[in-house]
Amino acid sequence: MFAALPLAILYMKNALAFNAFQIMTVTSIGLGGYISGYAVVGKLMRKLGTRKFQILTHCIFIVFLVSLFMLQPQWTHLHVCFAVLFYLHGIGASFLLCFLSVYSWQTSATSFSLSREAVPFPTAIISTFQSLGTMIGRTGGSIILGLALLNESWTLWGGNFTKYNALFALSLCMIIFSLLFLLLSPSVVPRHKDYYEPSN
C-alpha cells in the first residue's frame, strides 16, 4: 500500500517522463485525499461499522493498484489519471491510519484495566508491523529494480506494460493475500457477540 506510492512516482518520472511540475501537482492532490478522508472517516466508520470499513479500505487500495497496473503509456491525459489515483490513495491511507489509531486506543483502554505498563504496547506493536511491511515492500522493489530482474517492457492482452506495471501487479497480489487475513479478525468474522467475554 504505502510501498506502491514511491514506485508510482518513479513510474511517472522514468517511464512516462512526467516533468517536475506534473509530479509535484499529482502528489499534492494526493495530500488532498488525506484531508478529505480525515473529514469523513468518523461518520463513515460509525455508519459502516468496523467490518465493512476494513473491507472498504482494502478495496480502495485494490482499485488503486489495479488502475496503476492497467495504465498505458500511450494514453492521453495520464497526469489527470494519476491525480485521481493519488487522491484515492490518500483517502484510503487516511482511513487506514485512523482505523489503526482507533484500534490501538481501544486495545490500550482494555490493557489499562489490566496493567498500566501495558498501555503503550498495542500502538507500538501495530506501528512496528506497519513500518516493517512498508520497509520490506520498498526494499524488495528497490532490489528488483536495481538488479534489473524484470524486462523493461512486455506485451499482454494487446497492451504494452513496463517493469513498474509488473511490480504493481505483485503489490496487488500481496494486498489481496492480506485481505484474506481479515477472515481471522474477530471484528470482521466474529465468533461471538462479546469478544472480551467469550462464551464457553
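Refer to the structure above for everything that follows.
Below you will find a few notes about this structure.

Some points on the overall build of the protein chain
Helix and strand content of the protein chain: 5 helices and 2 strands. Mapped in sequence order, the helices and strands of the protein chain form the string α-α-α-α-β-β-α. Considering the protein chain as a whole, with its 200 residues, one finds that 34% of them fall into the buried category. Summed over its atoms, the accessible surface of the protein chain is roughly 12,300 Å², and 69% of this surface lies on carbon and sulfur atoms.

Side note on a nonpolar patch on the surface
A surface patch of nonpolar side chains, amounting to about 460 Å² of accessible area, comprises V66, M70, W75 and W157. Overall, the relative accessible area of 34% leaves V66 in the partly exposed class.

Focus on the side chain of Q72
Secondary-structure assignment places Q72 in the loop between α2 (20–70) and α3 (78–112). Overall, Q72 belongs to the buried group, its relative accessible area being 5%. If sequence neighbours within four positions are ignored, Q72 has contacts with L78, G159, N160 and F161.

Re helix α1 (residues 4–15)
Taking 1.5 Å as the rise per residue, α1 with 12 residues should run 16 Å; its terminal C-alpha atoms sit 15 Å apart, in good agreement. All of the buried residues in α1 are A4, L7, A8, Y11 and M12. One side of α1 carries all its buried residues, which in axial view fall inside an arc of 145°. In the stretch just after α1, A17 is the one whose phi turns positive, near 55°.

Here's the deal with the nonpolar core
Note on soluble globular proteins: their nonpolar side chains tend to be buried together. Counting 41 residues, the largest nonpolar core has M12, F18, L68, F82 and F168 as the members making the most contacts within it. Only α1, α2, α3, α4 (121–146) and α5 (163–180) provide two or more residues apiece to this core. Contact partners of M12, with chain neighbours within four places excluded, come to A17, F18, I23, V26, F82 and F86.

Some thoughts on the pairing of strand β1 (residues 153–156)
The pairing of β1 with strand β2 (residues 159–162) spans 4 bridges and is classified as antiparallel. The residue bridging W154 from the neighbouring strand is F161, located in β2. Between the antiparallel neighbours β1 and β2 lie 2 residues, among them W157 with a positive phi of about 55°.

Let's talk about α2
Three or four residues apart is the spacing at which side chains of an α-helix point the same way, because the helix has 3.6 residues per turn. Helix length check: α2 (51 residues) gives 23 Å between terminal C-alpha atoms against 75 Å at 1.5 Å per residue, more than 12% under. Structurally, the start of α2 carries an N-cap: the backbone nitrogen of F21 is 3.2 Å from a side-chain oxygen of N19.

Focus on the packing of aromatic side chains
Applying the stated criterion to the full structure yields 7 aromatic pairs. Taken together, a centroid distance of 5.2 Å and an interplanar angle of 45° make the contact between F53 and F95 tilted. Residue F53 is located in helix α2, and its partner F95 is located in helix α3; the two are separated by 42 residues in the primary sequence. Relative accessible area serves as the criterion here: at 3%, F95 is assigned to the buried category.

A word on the packing of α1 against α2
For any two helices packed against each other, the geometry comes down to the angle between their axes and how far apart the axes lie. Two elements in contact, α1 and α2, have axes separated by 10 Å at closest approach and are oriented at 150°. Between α1 and α2, the crossing angle belongs to the class labelled roughly antiparallel. When you trace α1 past α2, the crossing you get is right-handed. Contacts between α1 and α2 involve A4, L5, A8, I9, M12 and K13 on the former and, on the latter, I23, V26, T27, F64, L65 and L68. Across the contact of α1 with α2, the residue classes break down as 10 nonpolar, 1 polar and 1 charged.

Cut-off values and rules
Residues numbered from 1 in each chain as written. Predicted model: local features only at pLDDT ≥ 70, side-chain atom pairs only at ≥ 80, totals over all residues. Heavy atoms only, no water. Helix = DSSP H or I, 4+ residues; strand = E, 2+ residues; numbered from the N terminus. Buried < 20%, exposed > 50% of the residue type's maximum accessible area, 1.4 Å probe, protein only. Areas by Shrake-Rupley, 256 points an atom, 1.4 Å probe, with all protein chains shown as cover. Patch = residues over 30% accessible without salt bridge, like charges linked within 9 Å, V, L, I, M, F, W, Y side chains within 5 Å. Salt bridge = Lys/Arg side-chain N within 4 Å of Asp/Glu carboxyl O. Contact = heavy atoms within 4.5 Å. Expected span 1.5 Å × (residues − 1). Arc of directions from axis to C-beta. Core = buried A, V, L, I, M, F, W, Y, C linked by side-chain atoms within 4.5 Å. Pairing = 2+ DSSP bridges. Polar contact = N/O pair within 3.5 Å; in protein donor to acceptor, adjacent residues only side chain to side chain. Phe/Tyr/Trp six-rings, centres within 6.5 Å; stacked < 30°, edge-to-face > 60°. Axes fitted to C-alpha atoms, helices over the stretch in contact; angles between N-to-C directions. Parallel < 35°, antiparallel > 145°, perpendicular 65-115°, else oblique. Left-handed = near helix turned anticlockwise from the far one by under 90°. Nonpolar A, V, L, I, M, F, W, Y, C, P; charged D, E, K, R; others polar.

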